[in-house]
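Chain by chain, the residues run as shown.
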Amino acid sequence: MPKYVYQNIATGEQYEFEQRFSDDAFTHHPETGEPIKRLIFAPAVVFKGSGWYAKDSKSGGSAAKTESSGDAAKAESKPESSKALTPETNPLLE
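Residues numbered from 1 in each chain as written. Predicted model: local features only at pLDDT ≥ 70, side-chain atom pairs only at ≥ 80, totals over all residues. Heavy atoms only, no water.

J.: Explanation requested: the layout of surface pockets in the structure shown.
T.: Think of a ball as big as a water molecule: rolled over the atoms, this probe shows where empty space is left. Roughly 200 Å³ of internal volume is contained in the largest pocket. Around the largest pocket, the lining residues are P2, K3, Y4, V5, E16, F21, R38, L39, I40, F41 and A42. Of all the elements in the fold, those that place two or more residues in the lining of the largest pocket are β1 (3–8) and β3 (36–39). Here the lining of the largest pocket gets three residues from one element, more than from any other, and that element is β1. Of the residues contributing to the lining of the largest pocket, the split by class is eight nonpolar, no polar and three charged. (1 Å grid on protein atoms, 1.4 Å probe; cavity = no way out; pocket = protein on both sides within 12 Å on 5 of 7 lines; lining within 4 Å. Points joined across faces, edges and corners; volume = space filled by probe spheres on them. Helix = DSSP H or I, 4+ residues; strand = E, 2+ residues; numbered from the N terminus. Nonpolar A, V, L, I, M, F, W, Y, C, P; charged D, E, K, R; others polar.)

Structure, rendered in structure tokens:
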């Protein structure tokens, strides 16, 4: 469940609550009843490791060339049973 940070309007004190996405934002503290407002923060996403962008998202690199030549070899070595079924290739479909 996501955690949301709220701030007390009068004192500035901050609180953290777990809520569902479908739940409405709190307007008052659930225990004390004091008025609070939800604070907006950037999501906590951290990408760690080396090369995740260079290997996964880059276009036109040497990896793309080896994959495309490998795909052509795979396509040529497909057995007859993997061809598309059409009325020309299968008389039962007529």
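J.: Please explain the confidence of the model for the protein chain as it appears in this structure.
T.: Segments scoring low in pLDDT should not have their predicted coordinates read at a detailed level. Here the protein chain averages 74 in pLDDT, and 52% of its residues register 70 or above. Across the protein chain, element-level confidence peaks in β3 with a mean pLDDT of 94 and bottoms out in helix α2 (residues 62–76) with 52. (pLDDT = per-residue confidence, 0-100.)

J.: Would you mind going over the nonpolar core with me for this structure?
T.: Most often, soluble globular proteins have nonpolar side chains that are buried together. Counting five residues, the largest nonpolar core is built from Y4, Y6, Y15, F17 and I36. Look past the residues within four positions of F17 in its chain and what remains in contact with it is P2, K3, Y4, Y6, F26, H29, P30 and I36. (Core = buried A, V, L, I, M, F, W, Y, C linked by side-chain atoms within 4.5 Å. Buried < 20%, exposed > 50% of the residue type's maximum accessible area, 1.4 Å probe, protein only. Contact = heavy atoms within 4.5 Å.)

J.: How do you make sense of the packing of aromatic side chains when you look at a structure like this?
T.: What characterises a pair of aromatic rings is the spacing of the ring centres plus the angle enclosed by the ring planes. Taken as a whole and assessed by the stated rule, the structure comprises four aromatic pairs. Here a set of aromatic residues connected by ring pairs shows up, and it is made of Y6, Y15, F17 and F26. Above the plane of the ring of Y4 lies R38, whose end atom (NZ or CZ) is 4.0 Å from the centre. (Phe/Tyr/Trp six-rings, centres within 6.5 Å; stacked < 30°, edge-to-face > 60°. Lys NZ or Arg CZ within 6 Å of the ring centre and 35° of its normal.)

J.: How should I be thinking about the sheet that holds strand β2 (residues 14–18) in this particular structure?
T.: Adjacent strands of a sheet pair through backbone hydrogen bonds, lying either parallel or antiparallel. Reading across the sheet, the three strands line up as β2-β1-β3 and stay open at both edges, with antiparallel pairing between neighbours. The outermost strands of the open sheet, each flanked by one partner alone, are β2 and β3. Neighbour-to-neighbour, the strand axes of this sheet turn through a mean angle of 35 degrees, independent of strand direction. Where β1 meets β3, four bridges bridge the pair, whose relative direction is antiparallel. The partner of N8 across the bridge, within β3, is I36. (Pairing = 2+ DSSP bridges. Axes fitted to C-alpha atoms, helices over the stretch in contact; angles between N-to-C directions.)

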